[in-house]
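Structural overview for review
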Amino acid sequence: MSPQITSGKDLPQLPWDDDKLKEECGIFGVVGVTDAASFVALGLHALQHRGQEAGGIVSHDPAQGFNSARRMGYVRDNFTSASLMDTLPGPLAIGHVRYSTAGSKGQTAMRDVQPFFGEFAMGGAAMAHNGNITNADALRKELIERGAIFQSSSDSECIIHLMARSLQRNIPDRMEDALRRVEGAFSVVAMTETQLIGVRDPLGVRPLVLGKVADGWVLSSETCALDIIGAEFVREVEPGEMVVITEKGVDSRFPFRPQSPRFCIFEHVYFSRPDSIIGGRSVYETRRQIGVELAREAPVDADLVCPVPDSGTPAAIGFSQESGIPYAMGIIRNQYMGRTFIEPTEQIRNMGVRLKLNVNRALIKGKRVILVDDSVVRGTTSRKIKEMILDAGAAEVHFRIASPPTAWPCFYGVDTPQREKLLAATMSEDEMCAHLAVDSLKFISLDGLYRAVGAVEGRDANCPQYCDACFSGEYPVAPSDMINKGFELKAAE
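Conventions used here
Residues numbered from 1 in each chain as written. Predicted model: local features only at pLDDT ≥ 70, side-chain atom pairs only at ≥ 80, totals over all residues. Heavy atoms only, no water. Core = buried A, V, L, I, M, F, W, Y, C linked by side-chain atoms within 4.5 Å. Buried < 20%, exposed > 50% of the residue type's maximum accessible area, 1.4 Å probe, protein only. Contact = heavy atoms within 4.5 Å. Axes fitted to C-alpha atoms, helices over the stretch in contact; angles between N-to-C directions. Helix = DSSP H or I, 4+ residues; strand = E, 2+ residues; numbered from the N terminus. Left-handed = near helix turned anticlockwise from the far one by under 90°. Nonpolar A, V, L, I, M, F, W, Y, C, P; charged D, E, K, R; others polar. Parallel < 35°, antiparallel > 145°, perpendicular 65-115°, else oblique. 1 Å grid on protein atoms, 1.4 Å probe; cavity = no way out; pocket = protein on both sides within 12 Å on 5 of 7 lines; lining within 4 Å. Points joined across faces, edges and corners; volume = space filled by probe spheres on them. Phe/Tyr/Trp six-rings, centres within 6.5 Å; stacked < 30°, edge-to-face > 60°. Polar contact = N/O pair within 3.5 Å; in protein donor to acceptor, adjacent residues only side chain to side chain.

Ile364, Ile370, Leu371, Ile389, Tyr412, Leu441 and Leu449 are the most contacted members of the largest nonpolar core, which totals 73 residues. Ignoring anything within four residues of it in the chain, the contact list for leucine 449 reads Ile265, Val269, Ile290, Pro404, Ile444 and Phe471. Ranked by size, the runner-up nonpolar core spans 28 residues in total, among them Ala136, Ile159, Ala178 and Val182.

Turning our attention to the packing of helix 4 (residues 157-165) against helix 5 (residues 171-180). For the pair helix 4 and helix 5, interaxial distance at closest approach is 8 Å and the crossing angle is 115 degrees. Of the two possible hands of crossing, helix 4 and helix 5 adopt the one that is right-handed. The residues of helix 5 that touch helix 4, namely those facing Ile159, Leu162, Met163 and Ala164, are Ile171, Arg174, Met175, Ala178 and Leu179. Here the residues of the contact of helix 4 with helix 5 are counted per class, giving 8 nonpolar, no polar and 1 charged.

Before going further, it helps to examine the packing of helix 8 (residues 283-297) against helix 9 (residues 313-323). Close contact between helix 8 and helix 9 brings their axes to 6 Å; oriented N to C, the two are set at 45 degrees. By the angle class used here, helix 8 and helix 9 are oblique. Where helix 8 crosses over helix 9, the two elements pack in a sense that is right-handed. Across the interface between the two elements, Tyr284, Arg287, Arg288, Gly291, Val292, Leu294, Ala295 and Arg296 from helix 8 touch Pro314, Ala315, Ile317, Gly318, Phe319, Gln321, Glu322 and Ser323 from helix 9. For the contact of helix 8 with helix 9, the per-class residue count stands at 8 nonpolar, 4 polar and 4 charged.

Counting across every chain of the model gives 4 cavities of 30 Å³ or more. Counted as a void, the largest cavity has a volume near 100 Å³. In terms of lining residues, the largest cavity is bounded by 13 residues, among which Cys264, Cys410, Val414, Cys467 and Cys470 are the most central. Of all the secondary-structure elements, those providing two or more residues to the lining of the largest cavity are helix 7 (266-271) and helix 16 (469-472). Tallied by class, the residues present in the lining of the largest cavity amount to 12 nonpolar, no polar and 1 charged.

Let us now look at the packing of aromatic side chains. Applying the stated criterion across every chain, the model contains 13 aromatic pairs. Ring centres 6.3 Å apart and planes at 70 degrees place the aromatic pair tyrosine 412 and tyrosine 475 in the edge-to-face group. Of this pair, tyrosine 412 sits in the loop between strand 22 (396-401) and strand 23 (414-415) while tyrosine 475 sits in the loop between helix 16 and helix 17 (480-484), placing them 63 residues apart in sequence. Tyrosine 475 sits in the buried class, given a relative accessible area of 13%.

Tracing the sequence through the fold places glutamine 52 in the loop between helix 1 (36-46) and strand 3 (54-61). Residue classification places glutamine 52 among the buried positions, given a relative accessible area of 16%. Among the polar contacts made by the side chain of glutamine 52, one reaches the main-chain carbonyl oxygen of glutamine 48 at a distance of 2.8 Å. Among the polar contacts made by the side chain of glutamine 52, one reaches the main-chain carbonyl oxygen of histidine 49 at a distance of 3.1 Å.

Laid out in C-alpha cells, this is it:
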C-alpha cells in the first residue's frame, strides 16, 4: 500500500474528492437462495458508498460451475442488466465494490477488481477482501521468489497464493493457514462450490455481519445492505472468527490468537452509512451524540447550526439540540452530481465545490453560522465552503469538526494522503483556524469521541477500545512495509 490519494482513470475526480478519506471497499455474499447474484448486486448497491471505482460478482451453479463479471463504475450502471445477471446463475455468490488503496494507485485496472478466483486441487474458490495487508510487500517478494505469478497489483492476491501453497486438505483450512501469515486488517468473504466463508482479523478492525434471508445466509460489510434484500440481522462476525456456511448451517471457529478488539472508530464517524448498526449502536445516533459532545466541549454564540452535507448532518442536529441554536440547511447538496458527471474542463474545475454544494443565501445572509463537518483532511474543501458562506453574506463562520484532528495516515484499508499533506500533522488547532481564515475552529476531543460511541469514561490510554491511529498515531499493528520504506512511527511519550 502506498498512502497516496488516488483517483480512477476512468472516473475523473473533481477537487472536493481529494479532501475526504475514502474507505477501500465493501463486501457481500449470499448462499442458499435462487439467483444469489441478484441478491449480491442489491447488497453491493447498498454498499456503494464504500467504493465507487469498480465492482465484481462471482457466482457458482452446480450445472455451470463458477462464473464471474467485473466492471468499472457504479453497481447501478452495470449489475442491473438482465443480460449480465443471467450469466451469473446459482444459489451461491459473493461480490465486492472497490476504491483503490492498494494496487494500481492512481488508476483502477480491471485486473485489480475483485473478487479474485483460484483453482485448487480440491476445487475452485473466490475471495473478496476489505482492509489492507501491512506486510504485503514482504509476502509478495517471498511468493514471487518461490515461483508465484501474480495477475494483479493488489495486496489481496497474496492470500490466494498463500492458500495455493498450503498443505491443508480443504479450502477453509487453507484460508486459515494463509491468514495466519497476514498482518494488518482484513474482513474476507469467500466461497467454494458449496460454502460461503467469512473471516475477520483478530483485532476486528474492519466490519463484517451475518444475516439470514429466507432459507439462506448473508455476509455483509454493513447491516444497511441486509435491509435492502429483506434479510434479518443475526450478529456481527466476531474479531478473529471464521464462519463456514453450508446448507447445514453456520460453523464457527476461532483460528487466531485472541487479542483485545480494535474496531476502526472512523466507521462510526464517517465510513458506515447512518442507517447501519455497529456494535449494537445506531450509526446515526452515535453521530448525533458526537454533535452533542461537540456542543458541550466547544460552545459558541451563533445564529444557525448548518451541516456540511451529507456527512455532517447528524452531528449538526446533535449540536443544535444540545446548544439550543436553530438547525438550518444553509448548504444544499446537488443530489445529481456524480463523479462521472462530465470530463472536467479547466473552467469547470475552477468552479470546484460549487458543482456539488450551493449556499442557501436567503438563510445565511447576516447570520453567525456554525458549520459542522465530519473531518478536516487537507483543508482545501473547508476553505472553499467558508468562502462560499462569506460570499453569501454571513457575518461570522465557525467550524466544528465531528472527529479529532486527522494527523496520521491509515494503513488498514482507508485511503489517506501522505502525512505531510494532512493539515493536522503540521499545524496546531489555532494555526489551522488561521489557515482556514474562520472565526473559530474546534475539533471534538478523542475522549469526547469515545464518549459519543458509548465509552462513558472516554479512551483507555493503556488499552484503547478502538483503532484510532489516524488521530493518535498509535498503530495496533506495525505497518511493516511502510516502516521499511521509511515511515516513522510516533515517538514514545
